[in-house]
Amino acid sequence: MARSALLNVMVQAALKAGRSLSRDFGEVQNLQVSLKGPSDYVSQADHKAEEVILGELRRARPTYGVLAEESGEDKGTDGQHRWIVDPLDGTTNFLHGIPLFSVSIALERAGEIVAGVVYNPAMDELYSAERGGGAFLNDRRMRVAGRRQLSDCVVGTGVPHLGRGQHGQYLIELSHMMGEVAGIRRLGSAALDLAYVAAGRMDGYWEDHLSPWDLAAGVILVREAGGFVSDRDGGGKIFEKKSIVAGNERVQKELLSLLKRPAK
Ligand code: IPD
Ligand code: CA
Ligand code: CA
Ligand code: CA
């Protein structure tokens, strides 16, 4: 597989941050941890990985803007390009010693996501995609799963955590889902959820209350693997509405209609 120079920059940044995270994962009990909000943790490992990534990205393209979870937004001088970075997606898993976490880096050009990389260091799995170039797991081309019946499907989700409200609404959705699909999974890293849909490991995925850095790279993985993503109302305002529904064309539509909220 041939990668563009830009995708290579993103891959190298993700691998380097992955090495930093792997070292910290080995000594997780010694890390400094603080709270950003109710059950919203951030550790030294998140900050270190973000520093590594931004160092690599800025060295390669000093004028590009950046939106990163821990350091926020820097508009840059380029006016066209923006990196969207989650240095450690799955901090809760990481801090509990669960090896399901990832680095997520996307590139936006004129408001469109044009490349994405998600890396799970614990499994050494690198997911990458560029617009029009297909999606890859390490060197293998990925395709979304082809299942057509919801009753055969495994679907991922994210459980809103303490302080994110609307647990009652979520429970209603979950029970609708439980009545229709073969199984439900909660991996704990939105970027990996989308990567798993792209790889055909999960047939679909839905979640609310997400930020652009959780989603940006995963979205292009799914699209380039032949899948479909939308916000929970079926439109393209994923970042604004902070929600996502993903799957192959048919499963994504079925999930959307299951999730339709009664009009207020
Ligand atoms: C979290 C993960 C998780 C999702 C949360 C996110 P973080 O990101 O993506 O799967 O359910 O809503 O905040 O904070 O670990 O980068
Ligand atoms: Ca976080
Ligand atoms: Ca995240
Ligand atoms: Ca994070």
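Here the structure is a predicted model, which means the values were calculated and not measured. Throughout, residues of each chain are indexed from 1 in the direction in which the sequence is written. Written order decides the labels, with chains lettered from A and ligands numbered from 1. Per-residue local features are limited, in this predicted model, to residues with pLDDT of at least 70; the limit for side-chain atom pairs, both in listing and counting, is 80 or more; totals at the level of whole chains, interfaces and linings are taken over all residues.

Visitor: Quick question: what am I supposed to make of the nonpolar core here?
Guide: When a protein is soluble and globular, its nonpolar side chains tend to lie buried together. What makes a nonpolar core is a set of buried Ala, Val, Leu, Ile, Met, Phe, Trp, Tyr and Cys residues, with links drawn between C-beta atoms within 7 Å. The exposure label follows from counting other C-beta atoms within 10 Å of a residue's C-beta, where the C-beta atoms are placed from the backbone and the thresholds are 20 or more for buried and 12 or fewer for exposed, leaving partly exposed in between. Of all hydrophobic cores here, the largest spans 77 residues; its most connected members are Ile105, Leu194, Ala195, Ala198, Leu221 and Val222. Start and end positions for the domains come from either an automated domain assignment or a database one. Each of two domains, domain 1 (5-141) and domain 2 (150-259), supplies a minimum of three residues to this core. Excluding residues that lie within four positions of it along the chain, leucine 194 makes contacts with Tyr205, Gly218, Val219, Leu221, Val222 and Ala246. Throughout, a pair of residues is in contact if the C-beta atoms placed from their backbones lie within 7 Å.

Visitor: Looking at this structure, how should I read the site of ligand 1?
Guide: Think of it this way: take the backbone, place a C-beta atom on it, and check whether that atom is within 6 Å of the molecule or strand, in which case the residue is near it. By nearness alone, 13 residues border ligand 1, and Asp89, Thr91, Gly158, Ala190 and Asp214 come closest of all. For the shell around ligand 1, the secondary-structure elements that each account for two or more residues are β5 (81-89) and α3 (91-95). Three classes are used: nonpolar for Ala, Val, Leu, Ile, Met, Phe, Trp, Tyr, Cys and Pro, charged for Asp, Glu, Lys and Arg, and polar for all others, with Gly counted as polar. Tallied by class, residues from the shell around ligand 1 come to two nonpolar, seven polar and four charged. Two domains each provide a minimum of three residues to the shell around ligand 1, namely domain 1 (5-141) and domain 2 (150-259). Helix numbers and strand numbers start at the N terminus; a helix is a DSSP run of H or I with at least 4 residues, a strand a run of E with at least 2.

Visitor: Is there a simple way to think about the confidence of the model for the protein chain in this case?
Guide: For any part of a model where pLDDT is low, the fine detail of the predicted coordinates should not be relied upon. The predictor rates its confidence in each residue with pLDDT, a number between 0 and 100. Summing up the model confidence of the protein chain, the mean pLDDT is 96 and the portion of residues at 70 or higher is 98%. For this predicted complex, the interface confidence score (ipTM) comes to 0.98, while the overall pTM stands at 0.97.

Visitor: How do you make sense of the UniProt feature "binding site: Mg(2+)" (unreviewed entry) in the protein chain when you look at a structure like this?
Guide: UniProt positions are given in the numbering used here, feature names are shortened, and annotations may be inferred rather than shown by experiment. According to UniProt, the positions carrying the feature "binding site: Mg(2+)" (unreviewed entry) are Glu69, Asp86, Leu88, Asp89 and Asp214. Over a stretch of 146 residues, the named residues converge on one spot in the fold, their C-alpha atoms separated by at most 9.6 Å. With respect to the element layout, glutamate 69 can be found in the loop between β3 (65-68) and β4 (72-74). If we ignore the near neighbours within four places in the chain, the residues touching glutamate 69 are Val85, Asp86, Pro87, Ser211 and Trp213. Checked against the element boundaries, aspartate 89 lands in strand β5. Look at aspartate 89 and you get buried, because 28 C-beta atoms sit within 10 Å. Discounting residues that sit within four places of it in the chain, aspartate 89 has contacts with Phe101, Ser102, Ser104, Ser189, Ala190, Ala191 and Asp214.

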